[in-house]
Amino acid sequence: MFQKLEYSFSLIFRKFKNQKLGTLLFILGLKKVKYTVILKIALLVSVLVNLPRTLSLFELTDKLIESFTEVSIKDIIIRVLFIFILSFLILQLNANWKNKYAAYSIILRSSISIVLNAVVFLGVVQLFITVYPLFVRESLSEPEKGLIYFIYFVVLLITLFIARILRYQILHQEDLLENERLKQQNLQKELTALKNQINPHFLFNSLNSLNSIIRDNKEATTFVNKLSFMYRYILQSGDKDLVSLKEELKFLKSYVHLIKTRYRDRFMIDIAIDDRCLQQEVPPLALQLLVENAVKHNEISEDNPLQVKVFSEGEVICVENIIRPRTSFVDSTGNGLMNLDKRYFLLKKQHISISNANNTFRVTLPLS
């Protein structure tokens with residue numbers, strides 16, 4: 001039942017992920033471009049298209065053509081190069097480098113932007129006018145210099161407008177990605193919440209059903225009750241960073257009952273904790289992890305029973321056992337003690353102590 005429900009939720013989640021592109025396209029299809037943007041583009045296009053006729057109106061075309069320098073390969077190369085340099089610098093300045101002073105006020109940002117664009121514009125034009133005669137071996141006339149200023153100014157306006165569009169596009173994409181990420185996170189949280197509601201409900205119902213079946217078997221009933229208590233403790237302590245040693249020992253005793261059900265007299269545990277330590281706090285499942293670690297890594301047989309000792313010693317709790325390594329394969333990640341040490345340091349700013357002197361494996365947990 002639980003697997004079917006989990007599969008259904010996972011299927012819904014996958015479908016949502018597969019449909020997100022279509023959803024984004026649909027949303028974009030409903031969006032409209034602002035009228036101010038359309039007006040600016042229309043105005044820019046109309047001015048550029050009618051620029052030659054505007055020059056003819058003032059009888060500047062013939063005069064300029066007469067004063068133009070002779071067209072050559074070198075002439076075309078240097079003009080293309082400097083237009084490229086101006087376009088590249090203006091686009092970089094207004095599309096990318098603006099981020100460096102984005103935190104300033106709008107007045108200061110605008111002032112910096114105007115000054116920098118003016119410096120780049122004037123600098124590139126002056127550099128072109130200076131370098132051109134040296135490269136082409138022909139001087140520029142005064143009317144042509146004026147036309148160069150005009151052309152470069154038009155290029156400046158075009159690149160400023162394109163840079164603004166690019167910035168809007170990047171910001172819009174970032175907003176879409178952020179919204180999509182939040183939707184995914186919310187959906188994942190809802191899915192996790194549903195799973196968390198199903199898991200305990202399903203398990204506890206199953207345990208109750210099992211209890212009713214084995215009611216006449218006292219040992220089996222006790223086993224199920226201990227298992228139910230352990231699972232409830234794990235769920236409740238999941239929201240806690242620390243629990244009292246008294247609570248942890250109660251959980252440990254339920255775990256020990258399960259182990260002794262399996263190993264009988266081949267497993268023994270001696271718990272001797274001073275009463276004054278019971279209100280001290282430890283990370284949840286710390287003692288259980290250490291006992292489980294001893295069971296997992298040591299031989300447990302009639303000839304070599306495992307005995308674990310849990311005792312207090314001043315301001316620490318010690319868990320120790322004689323080392324008798326298993327000869328069979330041990331299914332272990334090897335991260336249990338490392339994770340416990342990390343938890344201890346994060347919560348109590350102390351490290352656990354591990355030793356294997358005199359063939360005895362001992363882990364010490366600080367209480368203070």
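Residues numbered from 1 in each chain as written. Predicted model: local features only at pLDDT ≥ 70, side-chain atom pairs only at ≥ 80, totals over all residues. Heavy atoms only, no water.

Observations regarding the packing of aromatic side chains
- This model, assessed by the stated rule, comprises six aromatic pairs.
- A ring pair is formed by Phe84 and Phe88, whose centres lie 6.1 Å apart and whose planes are at 25°; its orientation type is stacked. Of this pair, Phe84 and Phe88 both sit in helix H5 (residues 73-95), four residues apart, roughly one helical turn.
- Ring geometry for Phe121 and Tyr149: centres 6.4 Å apart, planes at 70°, overall edge-to-face. Placement of Phe121 in helix H6 (residues 106-136) and of Tyr149 in helix H7 (residues 142-213) is noted, with a sequence separation of 28 residues between them.
- Judged by its relative accessible area of 9%, Phe121 is buried.
- Following the ring pairs from residue to residue traces out a cluster consisting of Phe82, Phe128, Tyr132 and Tyr152.
- Here the guanidinium or amino end of Lys349 rests over the ring plane of Phe345, the centre of that ring lying 5.8 Å away. (Phe/Tyr/Trp six-rings, centres within 6.5 Å; stacked < 30°, edge-to-face > 60°. Helix = DSSP H or I, 4+ residues; strand = E, 2+ residues; numbered from the N terminus. Buried < 20%, exposed > 50% of the residue type's maximum accessible area, 1.4 Å probe, protein only. Lys NZ or Arg CZ within 6 Å of the ring centre and 35° of its normal.)

Points about the confidence of the model for the chain
- With 71% of its residues at a pLDDT of 70 or more, the chain has an overall mean of 78.
- Confidence over residues 1-9 falls short of pLDDT 50; this stretch has eleven contacts with residues more than four positions distant or in other chains.
- Considering only residues more than four positions removed or in separate chains, one finds that residues 15-21, a stretch of pLDDT under 50, has seven contacts. (pLDDT = per-residue confidence, 0-100. Contact = heavy atoms within 4.5 Å.)

Focus on the pattern of salt bridges
- Throughout the structure, instances matching the rule amount to eight salt bridges.
- Between Glu142 and Lys145 there is a salt bridge, with its nearest N and O atoms 3.5 Å apart. Of this pair, Glu142 and Lys145 are both found in helix H7, three residues apart, which corresponds to roughly one turn of the helix.
- Judged by its relative accessible area of 23%, Lys145 is partly exposed.
- Within this structure, Asp75, Arg79 and Glu144 form a network of salt bridges that share partners. (Salt bridge = Lys/Arg side-chain N within 4 Å of Asp/Glu carboxyl O.)

Some thoughts on helix H10 (residues 286-297)
- Counted at 1.5 Å a residue, the expected span for H10 with its twelve residues is 16 Å, and the 17 Å between its end C-alpha atoms agrees.
- Buried within H10 we find Ala286, Leu287, Gln288, Leu290, Val291, Asn293, Ala294 and Val295.
- For H10, the secondary structure elements touched by its buried residues are helix H9 (245-263), strand E2 (267-272), strand E4 (306-313), strand E5 (316-322), helix H11 (336-348) and strand E7 (360-366). (Expected span 1.5 Å × (residues − 1).)

Comments concerning a nonpolar patch on the surface
- Among the surface-exposed residues, Ile73, Ile77 and Phe135 lie close enough to one another that they form a single nonpolar patch of about 300 Å² accessible area.
- Structurally, the position occupied by Ile77 is in helix H5.
- Residue class for Ile77 comes out partly exposed when judged on its relative accessible area of 47%. (Patch = residues over 30% accessible without salt bridge, like charges linked within 9 Å, V, L, I, M, F, W, Y side chains within 5 Å. Areas by Shrake-Rupley, 256 points an atom, 1.4 Å probe, with all protein chains shown as cover.)

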